[in-house]
Amino acid sequence: MKHVLLVHGMNGDDTSWTDFDQRLTDTHCSAKKLTLPGHNTLIPIANIPGEIAETGARHDPGITMQDYVDHIVSYIPEGSKAILIGHSMGGAVISHVALAHPDKVEKLIFVGAMMPHTGESILDVEARIKSHPPFNPLVATADITLHVFQGMNFVFQPAGPVPEKLGTIAASRNIPKVAIVTHKDPVIPRQRQDEAAQVLQDAGHRVTLEKIDTGHFPMFDKPNTLHSLLEAHVPD
């Protein structure tokens, strides 16, 4: 039995993954979509642009990256490994899990995701994204708001994990990785995704590159295409 855990991104919860737990669960695979600790204070849709502009839509409930890691690992059965699928900031989170518990991770799959380098934090990756074209904050916010209208929750992001640095990526070199690059992504432009994947490859990581012709949320925009891509990398 394969164990698959779906990890959402910044300001998200398990609604970001729509019905992908059901799509990926069959006789050979058990899939679960998670809500990370502290991601439980909903922001009304009318307030989203203002909160992003004024506070970064963040608060401080005392959550740390270790809390994220412990929460994810608690869903991996004793003596088993899991395939971790991270969207957006979830890519950084699963990278931390892989460094802390390489014996519990079978594969990392990044979907329109942050792929931090050694010594980088989520804050560092965010700054790198925002400091280069074609990032446009208004377009990014519009893309997020559109998907909230389609049923995705937008919550306050715990501030604690954001500045925490990733350890040396060499420690997860032996874990296979897949980067599903979202080619029309206004939140994490594909150029930044491609660059991050290349850094991993240059460091000796085996990274399989896939692409999907969507914005930041392929689970909403092209769910059947994303399902097919994920199924191809979650073998029986």
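In what follows, the structure referred to is the one given above.
Described below are features of the structure shown in this document. From a predicted model like this one, the values you see are computed outputs, not experimental measurements.

1. Some words on the side chain of Asn 11
Thinking step 1. Within the secondary structure, Asn 11 sits in the loop between strand 1 (2–7) and helix 1 (20–24).
Thinking step 2. Its relative accessible area of 7% is what places Asn 11 among the buried residues.
Thinking step 3. Reaching out from Asn 11, the side chain makes a polar contact with the backbone oxygen of Ala 57 at a distance of 2.9 Å.

2. Observations concerning unusual backbone geometry
Thinking step 1. With omega at 15°, the peptide bond leading from Pro 133 into Pro 134 counts as cis.
Thinking step 2. Within the secondary structure, Pro 134 sits in the loop between helix 5 (122–130) and helix 6 (137–149).
Thinking step 3. Located in the positive-phi region is Thr 18, a residue other than glycine, with phi close to 40°.
Thinking step 4. Positionally, Thr 18 belongs in the loop between strand 1 and helix 1.
Thinking step 5. Despite not being glycine, Ala 57 has its phi angle at roughly 55°, a positive value.

3. Some details on the sheet that holds strand 5 (residues 105–111)
Thinking step 1. The strand order 2-1-4-5-7-8 describes an open sheet built from six strands, whose pairing is parallel. The open sheet terminates on both sides in strands that have one partner only, identified here as strand 2 (29–34) and strand 8 (207–212). Pairs of neighbouring strands in the sheet enclose a mean axial angle of 20°, with direction left out of account.
Thinking step 2. Note that strand 4 (residues 82–87) and strand 5 share six bridges and pair parallel. Along strand 5, the bridge assignment pairs His 87 with Val 111.

4. Digging into helix 6
Thinking step 1. Its 13 residues place the ends of helix 6 19 Å apart at the C-alpha level, agreeing with the 18 Å of an ideal helix rising 1.5 Å per residue.
Thinking step 2. The complete set of buried residues in helix 6 reads Ala 140, Thr 141, Asp 143, Ile 144, Thr 145, His 147 and Val 148.
Thinking step 3. Looking at the buried positions of helix 6, the neighbouring elements they touch are helix 2 (48–55) and helix 8 (218–221).
Thinking step 4. Sitting at the head of helix 6, Asn 136 places a side-chain oxygen 2.9 Å from the backbone nitrogen of Leu 138.
Thinking step 5. Positioned one or two residues after helix 6, Gly 151 has a phi angle of 115°, which is positive.

5. Comments concerning the pairing of strand 5
Thinking step 1. The buried fraction of strand 5 is high, at six of seven residues.
Thinking step 2. Remark: the strand 4/helix 4 (residues 90–100)/strand 5 crossover connection has right-handed handedness.
Thinking step 3. In terms of strand pairing, strand 5 meets strand 7 (residues 177–182) through four bridges, oriented parallel. Among the inter-strand pairings, Phe 110 is bridged to a residue of strand 7, identified as Ala 179.

6. Describing the pairing of strand 7
Two faces belong to every sheet, and in a regular strand the side chains alternate between them.
Thinking step 1. By the criterion of burial, strand 7 is predominantly enclosed, with six of the six residues buried.
Thinking step 2. By the alternation rule, side chains of strand 7 split into Lys 177, Ala 179 and Val 181 and Val 178, Ile 180 and Thr 182, which are all buried.
Thinking step 3. As judged from the six bridges shared by strand 7 and strand 8, these two strands associate in the parallel manner. Bridging across to strand 8, Val 181 finds its partner in Lys 211.
Thinking step 4. Each parallel crossover has a hand, and for strand 7 linked through helix 7 (residues 190–202) to strand 8 it is right-handed.

7. Structural notes on the environment of Ala 127
Thinking step 1. Note that Ala 127 resides in helix 5.
Thinking step 2. The partly exposed category is assigned to Ala 127, whose relative accessible area is 45%.
Thinking step 3. For the pair Ala 127 and Ile 72, spaced 55 residues apart in sequence, the C-alpha to C-alpha distance is 26 Å.

The rules behind these values
Throughout, residues of each chain are indexed from 1 in the direction in which the sequence is written. Local features in this predicted model are restricted to residues whose pLDDT is 70 or higher, and side-chain atom pairs enter the listing and the counts only when it is 80 or higher, whereas totals over whole chains, interfaces and linings include all residues. Excluding hydrogens and water, the side-chain figures rest on all heavy atoms present in the structure. Helix and strand assignments come from DSSP, with helices taken as H or I runs of at least 4 residues and strands as E runs of at least 2, each series counted from the N terminus. Between buried and exposed lies partly exposed: a residue is buried under 20% and exposed over 50% of the maximum accessible area for its type, with that area taken using a 1.4 Å probe on protein chains only. By the criterion applied in these results, polar contacts are pairs of N or O atoms within 3.5 Å in which, for protein atoms, one can donate a hydrogen and the other can accept it, and in which residues neighboring in sequence qualify only through two side-chain atoms. When DSSP finds at least two bridges between two strands, those strands are taken to pair. Note on geometry: axes are lines fitted to C-alpha atoms, helical ones only across the stretch in contact, with angles between N-to-C directions running from 0 to 180 degrees. Expected span, for any helix, means 1.5 Å times one less than how many residues it has. We call two residues in contact whenever any of their non-hydrogen atoms come within 4.5 Å of each other. By convention, a crossover is right-handed whenever its connection, traced from the first strand over the helix to the second and viewed with the strands pointing away, goes clockwise.

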